[in-house]
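Structural characterization, general
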Amino acid sequence: MNIKKIFCWPPLLAGIGAGVTIGILGYITYESVLSATNYGLWLFASFGSTVVVVFGYPNNEFAQPKNIFFGHLLTALVGIIFVTFFEVSFFTIGLAVGISILLMIALKVTHPPAGGNPITVMLGGVSFQF
């Protein structure tokens, strides 16, 4: 049995990287000095699928920093705009997701996990402080 091969096994490294990343975000959200502030939520449901893409398939176009950052930012902003100006319904949630995807593709910042952000934002009823 080759020990180096076990410790460099890509699925193992991906799992460790994903677990540590989500653990850090969870700590910042619930345990750190920032948890009682208005700096927002650091742990977001779609980040679970983001770490799958980032650590499992790092060479994928969707795993690039530009796509991750701007994809999440853009889609969360669309969700916030919709929840601020429209009543939350099946129609507005669908419209927000559709517009988010349209914008990510048009701006070349597609990150598939970010497609769920408008749903989470709208169901959570968050504001621009988020």
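Everything discussed here concerns the structure shown above.
Nothing here was measured: the structure is a model prediction, and the numbers come from that model.

Some thoughts on helix α6 (residues 117–124)
- All of the buried residues along α6 are Asn117, Pro118, Val121 and Met122. Projected down its long axis, α6 shows its buried positions confined to an angular sector of 120 degrees, all on one face. Opposite the packed face of α6, turned more than 90 degrees from it, sit the exposed residues Leu123 and Gly124.
- In the core, the buried residues of α6 are packed alongside α3 (46–56), α4 (65–85) and α5 (90–106).
- Remark: Gly125 follows α6 within two positions and exhibits a positive phi of approximately 60 degrees.

Focus: α4
- Look at α4: 30 Å from first C-alpha to last across 21 residues, which is about the 30 Å you get at 1.5 Å a residue.
- Of the residues making up α4, those classed as buried are Asn67, Ile68, Gly71, His72, Leu74, Thr75, Ala76, Val78, Gly79, Ile80, Phe82 and Val83.
- Tucked inside the fold, the buried residues of α4 contact α3, α5 and α6.

Focus: the packing of aromatic side chains
- For the coordinates displayed, the defined rule picks out 2 aromatic pairs.
- Their ring planes at 85 degrees and their centres at 5.0 Å tell us that Phe69 and Phe70 sit as a pair that is edge-to-face.
- Its relative accessible area of 52% is what places Phe69 among the exposed residues.
- Look at Phe82 and Phe86: their rings are 5.1 Å apart centre to centre, the planes differ by 40 degrees, and that puts the pair in the tilted class.

Some remarks on the nonpolar core
- Counting residues in each nonpolar core, the largest one holds 6 residues, listed as Val78, Phe82, Val83, Ile93, Ala96 and Met122.
- Secondary-structure elements contributing two or more residues to this core are α4 and α5.
- Looking at which element gives the most residues to this core, the answer is α4, with 3 residues.
- The residues touching Ile93, leaving out its near neighbours within four places in the chain, are Val88, Ile119, Met122 and Leu123.

Here's the deal with the environment of Phe44
- Inspection of the secondary structure puts Phe44 in the loop between α2 (10–30) and α3.
- With a relative accessible area of 9%, Phe44 lands in the buried category.
- Sequence separation of Phe44 and Gly26 is 18 residues, and the distance between their C-alpha atoms is 9.1 Å.

Each value, and the rule that gives it
Residues numbered from 1 in each chain as written. Predicted model: local features only at pLDDT ≥ 70, side-chain atom pairs only at ≥ 80, totals over all residues. Heavy atoms only, no water. Buried < 20%, exposed > 50% of the residue type's maximum accessible area, 1.4 Å probe, protein only. Helix = DSSP H or I, 4+ residues; strand = E, 2+ residues; numbered from the N terminus. Arc of directions from axis to C-beta. Contact = heavy atoms within 4.5 Å. Expected span 1.5 Å × (residues − 1). Phe/Tyr/Trp six-rings, centres within 6.5 Å; stacked < 30°, edge-to-face > 60°. Core = buried A, V, L, I, M, F, W, Y, C linked by side-chain atoms within 4.5 Å.

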